[in-house]
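# Descriptive structure summary
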Amino acid sequence: MDSINYNLTGTVFDIQRFSLHDGPGIRTIVFLKGCPLSCQWCSNPESQSVKPVVMYKRDDCLHCGRCITACKRGAISPQNKTWIDRGGCSGCGECVNACPGGALVLKGRIMTVQQVICELKKDATTYRRSGGGITLSGGEPLMQYEFASELLQACKGQGWNTAIETTGIGSAEAVERVIPYVDTVLLDIKHTDRDIHKMYTGGTNELVLKNAPRISQISSTVVRVPVIPGFNYSVEAIRRIAEYAKTLTGVRTIHLLPYHSFGENKYGLMGKEYQLTHIKPLHPEDLEECKAAVESCGLQCIIGG
Ligand code: SF4
Ligand code: SF4
């Protein structure tokens, strides 16, 4: 293992402790900012831009105007339909510091590898006892691949189990720098059709399909499929993903994740519109036929996961 740069910084938007998902045992999830996709069902839209983002809770606003004075860029005005002009906002956080009502929340903070490791150490005993560890999520962790690589190496140095949730979209260099330090990869494969993928996620699946064989060669890989009505909620679409997954070394299992709308309220807080309001959440029993299609390809299938 190379010497680790503990002073390297990355942009983290959340650290969630005591997760029972996203890898074995009890885990801490570190969410990194930045994603090349903007999936219509994304439950973490605050993760998509690399820079920090301000959420505005209108119901908590006292209309005192302190944020307007604090913003040197003039990005806040009552004339703005969504209060903050997102194009003019740099994510500096001055308005958040000035707000007495708690109506503004900054998502994204610059942290060093050392600072993240200090946070993670709080649960080191839990990792050891439960066989758990840490999971990098996002956003897309491969977008901050240098930071992700150093952080994962530092975690391995502590003897912790490591996992990463990824869209698989990243440069060849990003894959080679990150994946060797990961015990389990949770790889999203959303659709095998290039154009449908682009229509609903904002990007094509070319890099996913290019990187998946390499990723699954280096690390134990679980394929995850968010199942979304109108996008890939059909036995045929799921079968095609399973047939592709079957060709990947080291993939034995597919997780089918029923559509939910947990992140919907965040869109309003960011001045964005949620596009899937017409879709009802799926229940695990709705995916039984899709599960059978995966199993008929010789792979294990877990609904949820
Ligand atoms: S984060 Fe900074 S630039 Fe953005 S609205 Fe607040 S003060 Fe202005
Ligand atoms: S500082 Fe906070 S409470 Fe005051 S107007 Fe701005 S968002 Fe509202």
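Residues numbered from 1 in each chain as written. Chains lettered and ligands numbered in written order. Predicted model: local features only at pLDDT ≥ 70, side-chain atom pairs only at ≥ 80, totals over all residues. Heavy atoms only, no water.

Per an unreviewed UniProt entry, the protein chain is named Glycyl-radical enzyme activating protein, and its organism is Enterocloster alcoholdehydrogenati. UniProt, in the comment section headed Catalytic activity (unreviewed entry), describes the protein chain in these words: "glycyl-[protein] + reduced [flavodoxin] + S-adenosyl-L-methionine = glycin-2-yl radical-[protein] + semiquinone [flavodoxin] + 5'-deoxyadenosine + L-methionine + H(+)". What UniProt records for the protein chain under Cofactor (unreviewed entry) is the sentence "[4Fe-4S] cluster". (UniProt positions renumbered as here; feature names shortened; annotations may be inferred.)

Here we come to the domain arrangement of the protein chain. By domain assignment, the protein chain separates into domain 1 (9–48 + 111–303) and domain 2 (53–107). Taking the mean C-alpha position of each, domain 1 and domain 2 sit 31 Å from one another. Opposite the seven residues of domain 1 that make contact, domain 2 presents eight residues. Of the roughly 680 Å² buried between domain 1 and domain 2 on both sides combined, carbon and sulfur atoms contribute 68%. Of all residues in domain 1, Glu 46, Leu 269 and Met 270 bury the most surface against domain 2, accounting for 64% of the area lost on that side. Where domain 1 meets domain 2, there are zero salt bridges. In this assembly, domain 1 and domain 2 are joined by three residue pairs in polar contact (both at pLDDT 80 or more). (Domains from an automatic or database assignment. Contact = heavy atoms within 4.5 Å. Buried area = accessible area lost by both parts, 1.4 Å probe. Salt bridge = Lys/Arg side-chain N within 4 Å of Asp/Glu carboxyl O. Polar contact = N/O pair within 3.5 Å; in protein donor to acceptor, adjacent residues only side chain to side chain.)

Once that is clear, we can look at the UniProt feature "domain: Radical SAM core" (unreviewed entry) in the protein chain. Mapped onto this numbering, the UniProt entry annotates "domain: Radical SAM core" (unreviewed entry) at residues 21–300. With 34% helix and 18% strand, residues 21–300 has end C-alpha atoms that lie 17 Å from one another. (Helix = DSSP H or I, 4+ residues; strand = E, 2+ residues; numbered from the N terminus.)

Time to look at the site of ligand 1. All residues adjacent to ligand 1 are Val 54, Cys 71, Arg 73, Ile 76, Cys 89, Ser 90, Gly 91, Cys 92, Gly 93, Glu 94 and Cys 95. Grouping the amino acids of the shell around ligand 1 by side-chain chemistry returns six nonpolar, three polar and two charged. (Near = heavy atom within 4 Å. Nonpolar A, V, L, I, M, F, W, Y, C, P; charged D, E, K, R; others polar.)

What follows is about the side chain of Ser 47. Position of Ser 47 among the secondary structure elements: in the loop between β2 (27–32) and β3 (53–56). Take Ser 47: its relative accessible area is 2%, and that puts it in the buried class. Apart from residues lying up to four places away in sequence, Ser 47 is in contact with Phe 13, Lys 33, Gly 34, Cys 35, Gly 138 and Gly 139. (Buried < 20%, exposed > 50% of the residue type's maximum accessible area, 1.4 Å probe, protein only.)

What follows deals with the site of ligand 2. For ligand 2, the set of nearby residues contains 13 residues, the closest of which are Cys 61, Leu 62, Cys 64, Cys 67 and Cys 99. Among the residues forming the shell around ligand 2, the class breakdown is ten nonpolar, two polar and one charged.

Closest axis-to-axis distance for the helix α9 (residues 235–246)/helix α11 (residues 288–296) pair is 9 Å, and the angle between their directions is 30°. Classified by the angle their axes make, α9 and α11 are roughly parallel. Judged by the twist between their axes, the crossing of α9 over α11 is right-handed. Taken together, the residues of α11 that come into contact with α9 (itself represented by Val 235, Ile 238, Arg 239 and Ala 242) are Glu 289, Cys 290, Ala 293, Val 294 and Ser 296. Taken together, the residues of the contact of α9 with α11 sort by class into six nonpolar, one polar and two charged. (Axes fitted to C-alpha atoms, helices over the stretch in contact; angles between N-to-C directions. Parallel < 35°, antiparallel > 145°, perpendicular 65-115°, else oblique. Left-handed = near helix turned anticlockwise from the far one by under 90°.)

A few words now on the nonpolar core. Membership of the largest hydrophobic core comes to 67 residues, with the highest contact counts inside it found for Leu 120, Leu 136, Leu 151, Val 178, Ile 254 and Leu 256. The element contributing the most residues to this core is helix α5 (residues 145–157), with seven residues. Those residues in contact with Leu 120, other than ones at most four positions away along the chain, are Thr 28, Val 30, Tyr 127, Ile 134, Leu 151, Cys 155 and Trp 160. Ranked by size, the runner-up nonpolar core spans 14 residues in total, among them Ala 75, Ile 76, Cys 89 and Ala 103. (Core = buried A, V, L, I, M, F, W, Y, C linked by side-chain atoms within 4.5 Å.)

At 3.6 residues per turn, the α-helix brings residues three or four places apart onto the same side. In a regular helix each residue adds 1.5 Å, so 13 residues correspond to 18 Å; α5 covers 18 Å between its end C-alpha atoms and thus fits that length. Buried residues of α5: Tyr 145, Phe 147, Ala 148, Ser 149, Glu 150, Leu 151, Leu 152, Gln 153, Ala 154 and Cys 155, and no others. Phi turns positive one or two residues past the end of α5, at Gly 159, with a value near 85°. (Expected span 1.5 Å × (residues − 1).)

Here we come to the state of the cysteines. Evaluation of the coordinates by the stated rule reveals zero disulfides. Sulfur of Cys 155: no disulfide; nearest cysteine sulfur belongs to Cys 118 and is 12 Å away. (Disulfide = S-S within 2.5 Å.)

Before going further, it helps to spend a moment on the packing of aromatic side chains. Under the criterion given, the structure shown has six aromatic pairs. Each ring, one from Phe 13 and one from Phe 31, has its centre 5.4 Å from the other, and the planes form 50°; the classification is tilted. Placement of the pair is Phe 13 in strand β1 (residues 9–19) and Phe 31 in strand β2, with a sequence separation of 18 residues. Consider the rings of Tyr 200 and Phe 231, whose centres lie 5.1 Å apart with planes at 45°: the pair is tilted. In this pair, Tyr 200 is assigned in helix α7 (residues 194–201) and Phe 231 in the loop between β9 (220–227) and α9, connecting sequence segments 31 residues apart. Among the aromatic side chains, those forming a connected cluster through ring pairs are Trp 41, Tyr 200 and Phe 231. (Phe/Tyr/Trp six-rings, centres within 6.5 Å; stacked < 30°, edge-to-face > 60°.)

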